[in-house]
Each structure stands twice: as structure tokens, then as C-alpha cells.
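Below are the chains, spelled out letter by letter.
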Amino acid sequence: MEIKPKAKVYIDGANIFYAQKKIGWSLDWSKIKEVLGKDREVIEWRYYVAVKDGEDQMQSYLRYLDAIKFTAVTKSLKKINLQPTGYMYKANFDVEMAVDILLDKASVDEVILFSGDSDFSYLIRKLRDAGKKVTVFAFRQTIAWELKLAASKVIYLDKMKDEIMRK
């Protein structure tokens, strides 16, 4: 029996959400789980996402993630005052994701990141320096060039569209 490499998946929810809006189609996480599980043992899926109080649609999405065995890491959106123009909502998970990945790195052969955010390039370089394989899944239109250079491997979700698109 072949031993598959162990991996953990970390999903930058906001980055992937806005990338999907930009390209005009959505990912089916159940299909992605199936595809990634073919050649590796994924021991955990973490989806990092901010939650706005009273947002029913997000609660429904969190139930979906739970049903497909994803660990949702959440925090409340911060309301930032932009006087005199009003306010905006913001939440950033880069630090939480980086810390979790660093704490988990000893238990995996591969770190899988779903994001196109250049902020992760330093983390990825450090993981590679430590001998870890880091695979980045992102859309061709929305991935930062720094991330492409840092990753062990980049897989473009666009190329997998027929396999992983939500119908």
C-alpha cells in the first residue's frame, strides 16, 4: 500500500471569495477535497473567514463548511470609521494563518494555501527554507507574482475549472 504525503490546507476565505467574484464562477469545495485527496492525505482543511453580526448567508455557509468537515476559523468584522465619508468593514487573517501554519508545519509534508495574497510570500519562503513543500492554489488573474516565485508549486484553479466548479 502506497503511503501518501500528509498535508494541511489553509484557505484565505476573503481572498478566494473576491477572486471568485472577479472571475465569475465559484469553487465546489467538495470536489476540491476529492481532487486533492487523490495523491495526498489531507489531515485538515481550515477556512479563515470574517463574520458580520446577523448575516444569515454567512451562517449558512459556515454550516456548509462544517458539513464537509472544514474547520472554520472566524472572527468578527471590525467597523472602521472613515470620517467624514462613513465607515468600512475589515478583517484580516494573515497573522492567524501564518501562526497556525508555523505551529502545524512539523506534522505535515506539504502545506497547501488557497490565496493569491503576496503577504504570504515571506512565510512561504521560510517554510521552504525549513524543507517544507508549499503548494499554492490560486486564480491566474488574481495571484501576486511574489507568491508565484515563493511557492514550491502553483496550481491555477482556472485550469481545473471543469473538475472543481460549483454547478
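Below you will find a few notes about this structure. (Residues numbered from 1 in each chain as written. Predicted model: local features only at pLDDT ≥ 70, side-chain atom pairs only at ≥ 80, totals over all residues. Heavy atoms only, no water.)

With that out of the way, let us pick up the pairing of strand β6 (residues 110-114). Most of β6 sits out of view: 5 of its 5 residues are buried. Neither face of β6 is left uncovered, since the one carrying Glu110, Ile112 and Phe114 and the one carrying Val111 and Leu113 both have all their residues buried. Here strand β1 (residues 6-12) runs beside β6; their pairing, made up of 5 bridges, is parallel. When the sheet's bridge partners are listed, Val9 is paired in β6 with Ile112. (Buried < 20%, exposed > 50% of the residue type's maximum accessible area, 1.4 Å probe, protein only. Helix = DSSP H or I, 4+ residues; strand = E, 2+ residues; numbered from the N terminus. Pairing = 2+ DSSP bridges.)

This model, assessed by the stated rule, comprises 10 aromatic pairs. Judged by centre distance (5.7 Å) and plane angle (40°), the ring pair of Tyr61 and Tyr64 falls under tilted. Here Tyr64 and Tyr61 lie together in helix α3 (residues 56-67), a separation of 3 residues that amounts to about one turn. Exposure remark for Tyr61: the relative accessible area of 22% places this residue in the partly exposed category. (Phe/Tyr/Trp six-rings, centres within 6.5 Å; stacked < 30°, edge-to-face > 60°.)

Asp94, Met97, Ala98, Ile101 and Asp104 are the residues of helix α4 (residues 94-104) that are buried. Projected onto a plane normal to the axis of α4, the buried residues spread over an arc of 140° and lie on a single side. For α4, the exposed residues lying more than 90 degrees away from the buried face are Val95 and Leu103. If you follow the buried residues of α4, they end up packed against β1, β2 (41-51), β6 and α5 (121-129). (Arc of directions from axis to C-beta. Contact = heavy atoms within 4.5 Å.)

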